[in-house]
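# Tertiary structure, described
Next come the chains, spelled out residue by residue.
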Amino acid sequence: MDNTSKKGGRLTAVERDYKKSQGKDLFIKGFTLTNISEIIGVGVKTLSGWRDTDEWEKEKEQIILFLENIIRRKQEKNFRKLLIVNGDVLIV
């Protein structure tokens, strides 16, 4: 008998890992634990435990910092190009 078909049944290791990965991806994209719970069918308490144990918040912050750094560099590069196009000698 498949335990996952029962309400509150335990997930197999493969199912758990897959749902944990889905949950983490959604969390990093900005979904709340309540929203994630509804989408992937895992309890908020379980998601909260996974978030804390696997440090999803820390990873989310690192990704945000990485993306902000890329955006900042691109803006600086574009700004430098504008200075050169406008004939300014100053390059920041």
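Just above, that's the structure.
To keep things clear, this report deals only with the structure shown in the data block. (Residues numbered from 1 in each chain as written. Predicted model: local features only at pLDDT ≥ 70, side-chain atom pairs only at ≥ 80, totals over all residues. Heavy atoms only, no water.)

Next up on the list: the packing of aromatic side chains. Using the criterion set out here, one finds one aromatic pair in the structure. Plain terms: the ring middles of phenylalanine 27 and tryptophan 56 are 5.8 Å apart, the flat faces sit at 45° to each other, and that makes the pair tilted. Separated by 29 residues along the polypeptide, phenylalanine 27 in helix H1 (residues 13-28) and tryptophan 56 in helix H4 (residues 56-85) bring together distant segments of the chain. In this structure phenylalanine 27 comes out as buried when scored by relative accessible area, which is 6%. Directly above the aromatic system of phenylalanine 27 lies the positively charged group of lysine 60, at a separation of 4.9 Å from the ring centroid. (Phe/Tyr/Trp six-rings, centres within 6.5 Å; stacked < 30°, edge-to-face > 60°. Helix = DSSP H or I, 4+ residues; strand = E, 2+ residues; numbered from the N terminus. Buried < 20%, exposed > 50% of the residue type's maximum accessible area, 1.4 Å probe, protein only. Lys NZ or Arg CZ within 6 Å of the ring centre and 35° of its normal.)

Attention shifts here to the packing of helix H2 (residues 33-40) against helix H3 (residues 44-53). In helix packing, the relevant descriptors are the interaxial angle and the interaxial distance, both defined with respect to the helix axes. As a packed pair, H2 and H3 sit with axes 9 Å apart at the nearest point and diverge in direction by 115°. In this structure, the crossing between H2 and H3 has a hand that is right-handed. Along its contact with H2, which presents Leu33, Thr34, Ile36, Ser37 and Ile40, the element H3 presents Val44, Leu47, Ser48 and Arg51. (Axes fitted to C-alpha atoms, helices over the stretch in contact; angles between N-to-C directions. Left-handed = near helix turned anticlockwise from the far one by under 90°. Contact = heavy atoms within 4.5 Å.)

In this fold, lysine 24 is placed in helix H1. By relative accessible area, lysine 24 is classed as partly exposed at 25%. Residue contacts for lysine 24: discarding those within four places in its chain leaves Trp56 and Glu59.

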